[in-house]
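The lines below spell out each chain.
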Amino acid sequence: METRTRLLDGALRTLTEQGIARTSARTVAAAAGVNQALVFYHFGSVDELLAAACRYGAERSVARHRGRLAAVRSLSELLALGRRIHEEERAGGHVTLLGQLLAGAQTHPALGPATAAGLDLWITEIERVLERVLSDTPFAELTDPAGLARAIAASFVGLELYEGADPAGATSALDALEQLGVLVGALETLGPVAQRAVRQHLRRAAGRR
(Lines give C-alpha, C1' and ligand atoms only; values in the text may rest on other atoms or scores of the structure.)
Protein backbone atom coordinates (compact mmCIF):
# COMPACT_ATOMS: atom_id res chain seq x y z
CA MET A 1 0.00 0.00 0.00
CA GLU A 2 1.45 3.38 -0.94
CA THR A 3 2.33 5.83 1.83
CA ARG A 4 -0.38 8.36 0.97
CA THR A 5 -3.13 5.75 1.22
CA ARG A 6 -1.67 4.40 4.46
CA LEU A 7 -1.84 7.91 5.91
CA LEU A 8 -5.45 8.36 4.79
CA ASP A 9 -6.44 5.04 6.34
CA GLY A 10 -4.43 5.89 9.45
CA ALA A 11 -6.20 9.23 9.80
CA LEU A 12 -9.64 7.63 9.56
CA ARG A 13 -8.69 4.94 12.05
CA THR A 14 -7.26 7.48 14.49
CA LEU A 15 -10.35 9.69 14.28
CA THR A 16 -12.61 6.69 14.92
CA GLU A 17 -10.59 5.11 17.73
CA GLN A 18 -9.10 8.15 19.50
CA GLY A 19 -11.30 11.09 18.50
CA ILE A 20 -10.49 14.44 16.95
CA ALA A 21 -8.84 15.77 20.14
CA ARG A 22 -6.14 13.09 20.00
CA THR A 23 -5.63 13.14 16.26
CA SER A 24 -2.22 14.57 15.40
CA ALA A 25 0.63 14.00 12.97
CA ARG A 26 2.19 11.68 15.55
CA THR A 27 -0.89 9.54 16.23
CA VAL A 28 -1.83 9.29 12.56
CA ALA A 29 1.73 8.36 11.56
CA ALA A 30 1.78 5.71 14.30
CA ALA A 31 -1.51 4.24 13.02
CA ALA A 32 -0.14 4.26 9.47
CA GLY A 33 3.20 2.81 10.51
CA VAL A 34 5.24 5.61 8.92
CA ASN A 35 7.41 8.55 10.00
CA GLN A 36 5.29 11.59 10.98
CA ALA A 37 7.34 13.84 8.69
CA LEU A 38 5.55 12.08 5.82
CA VAL A 39 2.26 13.67 6.92
CA PHE A 40 3.66 17.08 5.97
CA TYR A 41 5.48 15.79 2.90
CA HIS A 42 2.30 14.35 1.37
CA PHE A 43 -0.37 16.75 2.70
CA GLY A 44 1.32 19.90 3.98
CA SER A 45 -0.58 19.97 7.27
CA VAL A 46 -2.67 17.79 9.56
CA ASP A 47 -5.81 19.74 8.59
CA GLU A 48 -5.25 19.01 4.90
CA LEU A 49 -4.64 15.35 5.69
CA LEU A 50 -7.91 15.17 7.63
CA ALA A 51 -9.81 16.92 4.83
CA ALA A 52 -8.39 14.48 2.27
CA ALA A 53 -9.20 11.54 4.56
CA CYS A 54 -12.78 12.77 4.90
CA ARG A 55 -13.25 12.82 1.13
CA TYR A 56 -11.45 9.50 0.74
CA GLY A 57 -13.62 7.83 3.37
CA ALA A 58 -16.85 9.20 1.86
CA GLU A 59 -15.89 8.05 -1.63
CA ARG A 60 -15.18 4.53 -0.32
CA SER A 61 -18.48 4.37 1.57
CA VAL A 62 -20.57 5.58 -1.35
CA ALA A 63 -18.81 3.21 -3.76
CA ARG A 64 -19.50 0.34 -1.37
CA HIS A 65 -23.27 0.93 -1.54
CA ARG A 66 -23.73 2.36 -5.06
CA GLY A 67 -24.90 -0.92 -6.56
CA ARG A 68 -27.52 -1.42 -3.85
CA LEU A 69 -28.83 2.11 -4.33
CA ALA A 70 -29.09 1.54 -8.09
CA ALA A 71 -31.32 -1.48 -7.43
CA VAL A 72 -33.88 0.49 -5.37
CA ARG A 73 -37.31 0.71 -7.02
CA SER A 74 -39.45 2.64 -4.51
CA LEU A 75 -39.22 5.24 -1.76
CA SER A 76 -40.02 2.60 0.85
CA GLU A 77 -37.12 0.49 -0.46
CA LEU A 78 -34.84 3.52 -0.29
CA LEU A 79 -35.72 4.26 3.33
CA ALA A 80 -35.40 0.59 4.33
CA LEU A 81 -32.00 0.41 2.60
CA GLY A 82 -30.97 3.63 4.32
CA ARG A 83 -31.67 2.00 7.65
CA ARG A 84 -29.61 -1.09 6.76
CA ILE A 85 -26.75 1.08 5.54
CA HIS A 86 -26.93 3.08 8.75
CA GLU A 87 -26.66 -0.09 10.83
CA GLU A 88 -23.74 -1.36 8.74
CA GLU A 89 -21.92 1.98 8.87
CA ARG A 90 -22.42 2.14 12.63
CA ALA A 91 -21.05 -1.38 13.08
CA GLY A 92 -18.02 -0.38 11.00
CA GLY A 93 -17.34 2.67 13.14
CA HIS A 94 -18.30 5.11 10.40
CA VAL A 95 -21.05 6.78 12.43
CA THR A 96 -18.51 7.52 15.15
CA LEU A 97 -16.19 8.84 12.45
CA LEU A 98 -18.86 11.20 11.11
CA GLY A 99 -19.47 12.55 14.60
CA GLN A 100 -15.77 13.26 15.02
CA LEU A 101 -15.57 14.98 11.62
CA LEU A 102 -18.54 17.21 12.45
CA ALA A 103 -17.03 18.03 15.83
CA GLY A 104 -13.66 18.71 14.24
CA ALA A 105 -15.16 21.10 11.71
CA GLN A 106 -15.56 23.61 14.54
CA THR A 107 -11.80 23.87 15.12
CA HIS A 108 -10.24 22.58 11.89
CA PRO A 109 -11.26 24.98 9.07
CA ALA A 110 -10.55 22.54 6.25
CA LEU A 111 -12.86 19.88 7.70
CA GLY A 112 -16.13 21.78 7.23
CA PRO A 113 -15.98 21.96 3.40
CA ALA A 114 -14.53 18.45 3.19
CA THR A 115 -17.32 16.98 5.33
CA ALA A 116 -19.93 18.83 3.26
CA ALA A 117 -18.34 17.51 0.06
CA GLY A 118 -18.45 13.98 1.47
CA LEU A 119 -22.13 14.34 2.33
CA ASP A 120 -22.77 15.71 -1.17
CA LEU A 121 -21.58 12.39 -2.60
CA TRP A 122 -24.37 10.66 -0.68
CA ILE A 123 -26.90 13.34 -1.64
CA THR A 124 -26.10 12.91 -5.34
CA GLU A 125 -26.72 9.16 -5.13
CA ILE A 126 -29.97 9.62 -3.19
CA GLU A 127 -31.18 12.25 -5.67
CA ARG A 128 -30.65 9.82 -8.56
CA VAL A 129 -32.74 7.20 -6.78
CA LEU A 130 -35.53 9.69 -6.01
CA GLU A 131 -35.69 10.93 -9.60
CA ARG A 132 -36.08 7.34 -10.75
CA VAL A 133 -38.57 6.03 -8.18
CA LEU A 134 -40.82 9.11 -8.12
CA SER A 135 -40.99 9.65 -11.89
CA ASP A 136 -44.19 7.60 -12.37
CA THR A 137 -45.93 8.57 -9.15
CA PRO A 138 -48.40 11.35 -8.26
CA PHE A 139 -45.53 13.13 -6.49
CA ALA A 140 -43.26 13.53 -9.53
CA GLU A 141 -44.33 17.03 -10.56
CA LEU A 142 -44.69 18.33 -7.00
CA THR A 143 -41.43 17.24 -5.42
CA ASP A 144 -37.89 18.57 -5.64
CA PRO A 145 -35.60 15.51 -5.73
CA ALA A 146 -32.51 17.60 -4.94
CA GLY A 147 -34.12 19.20 -1.89
CA LEU A 148 -35.69 15.93 -0.78
CA ALA A 149 -32.33 14.14 -1.10
CA ARG A 150 -30.76 16.73 1.19
CA ALA A 151 -33.62 16.37 3.67
CA ILE A 152 -33.19 12.58 3.77
CA ALA A 153 -29.40 12.85 4.14
CA ALA A 154 -29.76 15.47 6.87
CA SER A 155 -32.29 13.27 8.67
CA PHE A 156 -29.93 10.32 8.75
CA VAL A 157 -26.98 12.47 9.85
CA GLY A 158 -29.09 13.91 12.66
CA LEU A 159 -30.30 10.47 13.69
CA GLU A 160 -26.75 9.12 13.72
CA LEU A 161 -25.72 11.83 16.17
CA TYR A 162 -28.97 11.63 18.17
CA GLU A 163 -28.56 7.88 18.57
CA GLY A 164 -25.64 8.39 20.95
CA ALA A 165 -27.88 10.29 23.36
CA ASP A 166 -31.17 8.42 22.91
CA PRO A 167 -30.90 5.06 21.08
CA ALA A 168 -34.59 4.24 21.62
CA GLY A 169 -35.65 7.63 20.26
CA ALA A 170 -33.46 7.20 17.19
CA THR A 171 -34.95 3.76 16.56
CA SER A 172 -38.45 5.22 16.85
CA ALA A 173 -37.57 7.94 14.35
CA LEU A 174 -36.20 5.37 11.89
CA ASP A 175 -39.41 3.36 12.30
CA ALA A 176 -41.43 6.48 11.47
CA LEU A 177 -39.40 7.12 8.32
CA GLU A 178 -40.03 3.57 7.14
CA GLN A 179 -43.75 3.97 7.85
CA LEU A 180 -43.74 7.09 5.69
CA GLY A 181 -42.22 5.04 2.89
CA VAL A 182 -44.95 2.42 3.26
CA LEU A 183 -47.65 5.11 3.02
CA VAL A 184 -46.12 6.50 -0.15
CA GLY A 185 -45.85 2.97 -1.52
CA ALA A 186 -49.56 2.43 -0.88
CA LEU A 187 -50.38 5.50 -2.97
CA GLU A 188 -48.22 4.18 -5.78
CA THR A 189 -50.43 1.07 -6.03
CA LEU A 190 -53.61 3.07 -6.65
CA GLY A 191 -55.30 2.85 -10.04
CA PRO A 192 -55.06 5.68 -12.62
CA VAL A 193 -58.33 7.34 -11.57
CA ALA A 194 -57.34 7.42 -7.91
CA GLN A 195 -53.85 8.64 -8.80
CA ARG A 196 -55.34 11.53 -10.82
CA ALA A 197 -57.44 12.46 -7.81
CA VAL A 198 -54.35 12.40 -5.61
CA ARG A 199 -52.46 14.60 -8.11
CA GLN A 200 -55.30 17.12 -8.18
CA HIS A 201 -55.45 17.21 -4.39
CA LEU A 202 -51.69 17.71 -4.16
CA ARG A 203 -51.79 20.50 -6.73
CA ARG A 204 -54.50 22.29 -4.77
CA ALA A 205 -52.56 21.81 -1.55
CA ALA A 206 -49.47 23.26 -3.23
CA GLY A 207 -51.45 26.24 -4.55
CA ARG A 208 -51.34 25.04 -8.18
CA ARG A 209 -54.29 24.96 -10.57
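Computed from a predicted structure; not experimentally measured.

Caption draft 1: Representation of the pattern of salt bridges. The tally for this structure, following the rule as stated, stands at eight salt bridges. In this structure, the salt-bridge partner of Glu-88 is Arg-68, at a minimum N-O distance of 2.8 Å. Separated by 20 residues along the polypeptide, Glu-88 in helix H5 (residues 75–91) and Arg-68 in helix H4 (residues 46–70) bring together distant segments of the chain. A salt bridge links Glu-87 to Arg-83; its shortest N-O distance comes to 3.9 Å. Of the two residues, Glu-87 and Arg-83 both sit in helix H5, four residues apart, roughly one turn of that helix. Assessed through its relative accessible area of 36%, Glu-87 is described here as partly exposed. What makes Arg-83 buried here is its relative accessible area of 14%. By sharing partners, the salt bridges in this structure join Arg-66, Glu-125 and Arg-128 into a single network.

Caption draft 2: How the structure looks around the nonpolar core. With 26 residues, the main nonpolar core has Leu-7, Leu-8, Leu-49 and Leu-50 as its most contacted residues. At the level of elements, helix H1 (3–18), helix H2 (25–32), helix H3 (37–43), H4, helix H6 (94–104) and helix H7 (111–134) are the ones that each hand at least two residues to this core. Ranked by residues supplied to this core, first place goes to H4 with eight residues. The contacts of Leu-8, once residues within four sequence positions are left out, are Phe-43, Leu-49, Ala-52, Ala-53 and Tyr-56. Judged by nonpolar contacts, the second largest core, of 21 residues, contains Leu-130, Val-133, Ala-149 and Ala-153.

Caption draft 3: Structural view of H2. Looking at H2, one finds that the buried residues are Ala-25, Thr-27, Val-28, Ala-29 and Ala-32. Just downstream of H2, Gly-33 is the residue with a positive phi angle, here 75 degrees.

Caption draft 4: Structural context of the packing of H1 against H6. Across the interface, H1 lies against H6 with an axial gap of 8 Å and an inter-helix angle of 90 degrees. Accordingly, the angle class assigned to the pair H1 and H6 is roughly perpendicular. Here Leu-12, Leu-15 and Thr-16 of H1 come into contact with H6, specifically with Thr-96, Leu-97, Gln-100 and Leu-101. Of the residues belonging to the contact of H1 with H6, the class tally is four nonpolar, three polar and no charged.

Reading the values: the criteria
- Residues numbered from 1 in each chain as written.
- Predicted model: local features only at pLDDT ≥ 70, side-chain atom pairs only at ≥ 80, totals over all residues.
- Heavy atoms only, no water.
- Salt bridge = Lys/Arg side-chain N within 4 Å of Asp/Glu carboxyl O.
- Helix = DSSP H or I, 4+ residues; strand = E, 2+ residues; numbered from the N terminus.
- Buried < 20%, exposed > 50% of the residue type's maximum accessible area, 1.4 Å probe, protein only.
- Core = buried A, V, L, I, M, F, W, Y, C linked by side-chain atoms within 4.5 Å.
- Contact = heavy atoms within 4.5 Å.
- Axes fitted to C-alpha atoms, helices over the stretch in contact; angles between N-to-C directions.
- Parallel < 35°, antiparallel > 145°, perpendicular 65-115°, else oblique.
- Nonpolar A, V, L, I, M, F, W, Y, C, P; charged D, E, K, R; others polar.

Geometric descriptors of this kind do not, in isolation, establish any biological role.
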